[in-house]
Every structure is written in structure tokens, then in C-alpha cells.
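A closer look at the structure
Next come the chains, spelled out residue by residue.
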Amino acid sequence: MKRTPTVGEILQAKGVSRRGFLKYCATTASILALPPTMIPRIAEAIESARRPSVIWLSFQECTGCTESLTRSATPTVEGLIFDAISLDYHHTLQAAAGDQAEAARHAAMEENNGDYLVLVDGSIPLANPGFSTIAGISNVDMLRETVAGAKAVVAIGSCAAFGGIPGADPNPTGAVAVSELVTDKPVMNVPGCPPIPIVMTAVLAHFLTFGELPALDKHGRPLAFYGTTIHDRCYRRPFYEQGRFAETFDDEGAKAGWCLYKLGCKGPITYNACATTKWNSGTSFPIEAGHPCLGCSEPDFWDKGGFYEPLSTGNFDSGAKLAGAAAVGAALGAVAATAGRRRQAKYTKEG
Ligand code: SF4
Ligand code: SF4
């Protein structure tokens, strides 16, 4: 039988130097919020690991999650990670089609029974399974069949993690999240619309290194990336504390880079890593470009609405209810900062 090369051998064959490899391990430790003492363990684990099989299923989605991943610049940690896995099935990226593609999925499942990872983007329709089929198989059946022999499942993007846009009111397809159907396997949610590329690949790095999923929060999200709010790490936070807010998108406050709270920023109640890892290989993130956070990595973010209304107005759904106490504070600058901190603590406590 042909011997499967280790990840270390694959990286070496691709010309990755020892120095470059250790740098990559240090970056991985850093993005996973692991101490530097873990770098040798990561190096040893990755070097000796056999390429894990990954099956990626796409259901009710827009392909934005795949676009986010594949548009990342190279060479990056993301690129290295995708050299280190065996992506055996992916509708958008695979060369195979039709029966050949389905045969590849079955072969990967049989050869790696109990060890492969299933990544899912998109929600699953239950109102009428015929709403979405692949190779004549309903999404719900394909999900159940594929995860049966999986070691773990990762729901990529807010649609797979929480139902997302397809699951928004009135949810005509009866869309549900992966975790509502998969209850007998470890399921990790990596929400975002789309998620940040390095967040997607870092969780794969963790799986490669430790053979299991990382620590998760109450919504099944990896704590390393979803442990703090956008607001906690936002570089505009000093303006929030000083009560300096942009009132319109083109006023003097906006030009001066003041806080976007009054323009509807949901950063105070949104857990994601945009303010730290940023997008486009660490170039920027929406708030840095002058746009408020819409809260895309939180459950039901679309139905909460009020994208350009301050949290304090109470004119939108659950997010507003959490924020009601800040109604007067927002207008009063420093008072808003205090109320915001209280609201954030309440949200964290009650979810
Ligand atoms: S409200 Fe938004 S723009 Fe203002 S500090 Fe918080 S996250 Fe940044
Ligand atoms: S800034 Fe907010 S809305 Fe934008 S991608 Fe990050 S979490 Fe989503």
C-alpha cells in the first residue's frame, strides 16, 4: 500500500525551509492564542501528521465563505494549511464532477472512517428537502450520510452556524443550522458573513496539531477568535469613551475617525476577531473603512436588523432590547460609555 506522506514531508517537498516552517508554527500558536511554549509541540505534531481528509459540503449558501478563503493573498498561513490537508470534496474547487465527484466523497469517507473532518457552509432546508439537492441527494440526507463517519464537523459561516440569511424571517425553506441536525459529533461554529480566512484555517491548524477542536464559547465558536467583542479591541474605542461620535457618514466626526456607535455600530455586542486579525492579510476591517459593524457573526443578525440604527434606539429586535439602557447615554457621550460597558456585561452574562 502506498505510504501517505506526512505534513512535514509535504511542506519540505514544497520548498518550505525549516526556518519558514518554525515561523509558521509560531504564527499558528499566536493566532490560536497559545503560549510560545506550545510552538515545539505544534511543529512536532504537524511534521509527523498524515494529511487529514477534509470533506467540504456546500448547501444553502452564496459561495462567499469559499470566496473569502480563496481570495486571501499568498503565501500565507492559510495557503500552508491547505497544502497540509487533503481536500477530498469541495463543489467549487474540485476538478471532478457528477458521479466522479460523488465517488471521491464516498472513497474519502471509507478510507478515513472515523478520522476525517467535515466542513459545511450554508444552511440545510427542512421544509421541503427537495429545495436543495446535490447529485439527487437532499442536503439533509447528504449531511447525515457524510458526518456519520466523521471525527468532527465545522460549520463555516453564519448560514451553517446559525441559519444565516436563508434562515431569516420568514424562512421559506425551513433552513436550520448544522448543529440542529448533528448532535452526536463535536460541532464547531465559525460564523461570519463571511468568516475571516485565517480564522477558518487556524481551526484546521488546531485540528492538525491536537487532533481535536479548540475550546468553544456558548455558541460553539472558538474562543481564541470569538472571546472578545469588536468593541473590546476597536481602535476607535477612545473616541467612544470620550463621547465623540460621527453623526453622519460624511460629517467632521466621520472624517476625524470618531466612533461609529450612532451610525449603528453593533461592535459592542458582536464577538469576532475583525478588530485584531483584520481582513485582507491584516490590512483593514469594516470599521477602519468607516462602516459600522453589522454584527454578522452573532445568531440571527439579519432578523435583528437596524443596521444603521444605534443600539440605544430600541427600534430593532433582540439586539436593541439588550441595549435599551443606553438610550440616553449615547447622546451624552461619556455617559454612553458607561452605559455601553454595563450593556456589554449584561449581554455577556445573559447571552
Ligand atoms: S461602537 Fe463600534 S466604532 Fe465605536 S468603539 Fe465600539 S466597535 Fe468601535
Ligand atoms: S466588522 Fe462586524 S459585520 Fe463586519 S465582518 Fe466583522 S463582525 Fe461581521
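Note: the structure precedes this text.
These numbers come from a predicted model, not from an experiment.

1. Some remarks on the site of ligand 1
Close to ligand 1 lie His 231, Cys 234, Arg 236, Arg 237, Cys 259, Leu 260, Tyr 261, Cys 265, Gly 267, Pro 268 and Ile 287, which account for all nearby residues. Grouping the constituent residues of the shell around ligand 1 by class yields seven nonpolar, two polar and two charged.

2. Some thoughts on the environment of Lys 185
Relative to the helices and strands, Lys 185 is located in the loop between α9 (178–181) and β9 (187–190). At 3.0 Å, the side chain of Lys 185 forms a polar contact with the backbone oxygen of Ala 150.

3. Section: the sheet that holds strand β1 (residues 53–58)
Within the open sheet, the five strands sit side by side as β2-β1-β3-β7-β9. Their pairing is parallel. Single-partner strands in this sheet number two, and they are β2 (86–90) and β9. Across the sheet, the mean angle separating the axes of adjacent strands is 20 degrees when strand polarity is ignored. Looking at chain direction, strand β7 (residues 150–156) and β9 are connected through four bridges and run parallel. Bridge pairing in β9 links Val 154 to Met 188. Most of the contacts of helix α7 (residues 139–147) go to strand β3 (residues 116–121), to which it runs at about 160 degrees, and overall it touches β1, β2, β3 and β7.

4. Structural notes on the nonpolar core
With 39 residues, the main nonpolar core has Leu 117, Leu 119, Val 154, Ile 156, Val 190, Phe 225 and Ile 287 as its most contacted residues. At seven residues, the largest contribution of residues to this core is made by helix α10 (residues 197–210). Taken domain by domain, this core gets at least three of its residues from each of domain 1 (7–226) and domain 2 (230–350). When residues no more than four places from it in sequence are discounted, the contact partners of Leu 117 are Ser 53, Val 54, Ile 55, Ala 152, Val 154, Leu 204 and Phe 207. The next biggest cluster of nonpolar side chains, apart from the first, holds 27 residues, and it includes Phe 59, Ala 108, Val 118 and Ala 155.

5. A closer look at the environment of Val 176
By secondary structure assignment, the location of Val 176 is in strand β8 (residues 175–176). Taking the C-alpha atoms as reference, Val 176 lies 7.1 Å from Phe 162; in sequence the two are 14 residues apart. Not counting the four nearest positions on each side in its chain, Val 176 is found in contact with Ser 123, Ile 124, Leu 126, Gly 163 and Leu 181.

The rules behind the values
- Residues numbered from 1 in each chain as written.
- Chains lettered and ligands numbered in written order.
- Predicted model: local features only at pLDDT ≥ 70, side-chain atom pairs only at ≥ 80, totals over all residues.
- Heavy atoms only, no water.
- Near = heavy atom within 4 Å.
- Nonpolar A, V, L, I, M, F, W, Y, C, P; charged D, E, K, R; others polar.
- Helix = DSSP H or I, 4+ residues; strand = E, 2+ residues; numbered from the N terminus.
- Polar contact = N/O pair within 3.5 Å; in protein donor to acceptor, adjacent residues only side chain to side chain.
- Pairing = 2+ DSSP bridges.
- Axes fitted to C-alpha atoms, helices over the stretch in contact; angles between N-to-C directions.
- Contact = heavy atoms within 4.5 Å.
- Core = buried A, V, L, I, M, F, W, Y, C linked by side-chain atoms within 4.5 Å.
- Buried < 20%, exposed > 50% of the residue type's maximum accessible area, 1.4 Å probe, protein only.
- Domains from an automatic or database assignment.

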